[in-house]
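Observations on the model geometry
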Amino acid sequence: MNIESVKSLFELFSGEEAEEYAPFVSLAVRETERMLLPDADTSDIRLDFLAAAIANYRFCRMKASRDRTKATYAGKMLAAGEGSPVGQAAELLREYTQLCSDLIKPQTFVFAGFSGEEDEIC
């Protein structure tokens, strides 16, 4: 991954200076590296986008946790849910995770069991 590319993409996604929030970017790069499959191409540009989306999501969550206001200046209630910045950042992260699905370890786990013998239900 190219850290400068990740910083540039973080600035694009968040609208903030990457240098000011460098810990978010470096943590996201490390998190993305831990997600990689052993034979994944680490120079794939999609990983830069995924790391920037992770950093943006963490940044949006941090901003939302600090914002304790209940109403805006005009008296309208702040939005939460799908249209909120955190919701949009989560959707962006989901999309880039799906885009990189062939490069990263599966994020879900399904447990299935099979019996060798047929069981009778009484």
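Since the model is a prediction, treat every value here as computed from it, not as a measurement. (Residues numbered from 1 in each chain as written. Predicted model: local features only at pLDDT ≥ 70, side-chain atom pairs only at ≥ 80, totals over all residues. Heavy atoms only, no water.)

Comments concerning the pattern of salt bridges
The full count for this structure, using the stated rule, is 6 salt bridges. With its nearest N and O atoms 3.1 Å apart, the salt bridge here joins Lys 7 to Glu 19. With Lys 7 in helix α1 (residues 3-14) and Glu 19 in the loop between α1 and α2 (22-35), this pair connects stretches of sequence that are 12 residues apart. Asp 102 is paired through a salt bridge with Arg 46; the nearest N and O atoms lie 3.1 Å apart. Within this pair, whereas Asp 102 is found in the segment after α4 (85-99), its partner Arg 46 is found in helix α3 (residues 45-66), the two being separated by 56 residues in sequence. (Salt bridge = Lys/Arg side-chain N within 4 Å of Asp/Glu carboxyl O. Helix = DSSP H or I, 4+ residues; strand = E, 2+ residues; numbered from the N terminus.)

A closer look at the packing of aromatic side chains
Applying the stated criterion across every chain, the model contains 6 aromatic pairs. Ring centres of Phe 10 and Phe 59 lie 5.7 Å apart, and the angle between their planes is 85 degrees; on these two criteria the pair is classed as edge-to-face. In this pair, Phe 10 sits in helix α1 while Phe 59 sits in helix α3, placing the two residues 49 residues apart along the sequence. Across the pair, Phe 59 and Phe 10 agree in class, each one buried. For the pair Phe 13 and Tyr 96, a centre-to-centre distance of 5.9 Å together with 25 degrees between the ring planes defines the contact as stacked. Of this pair, Phe 13 sits in helix α1 while Tyr 96 is found in helix α4, placing the two residues 83 residues apart along the sequence. (Phe/Tyr/Trp six-rings, centres within 6.5 Å; stacked < 30°, edge-to-face > 60°. Buried < 20%, exposed > 50% of the residue type's maximum accessible area, 1.4 Å probe, protein only.)

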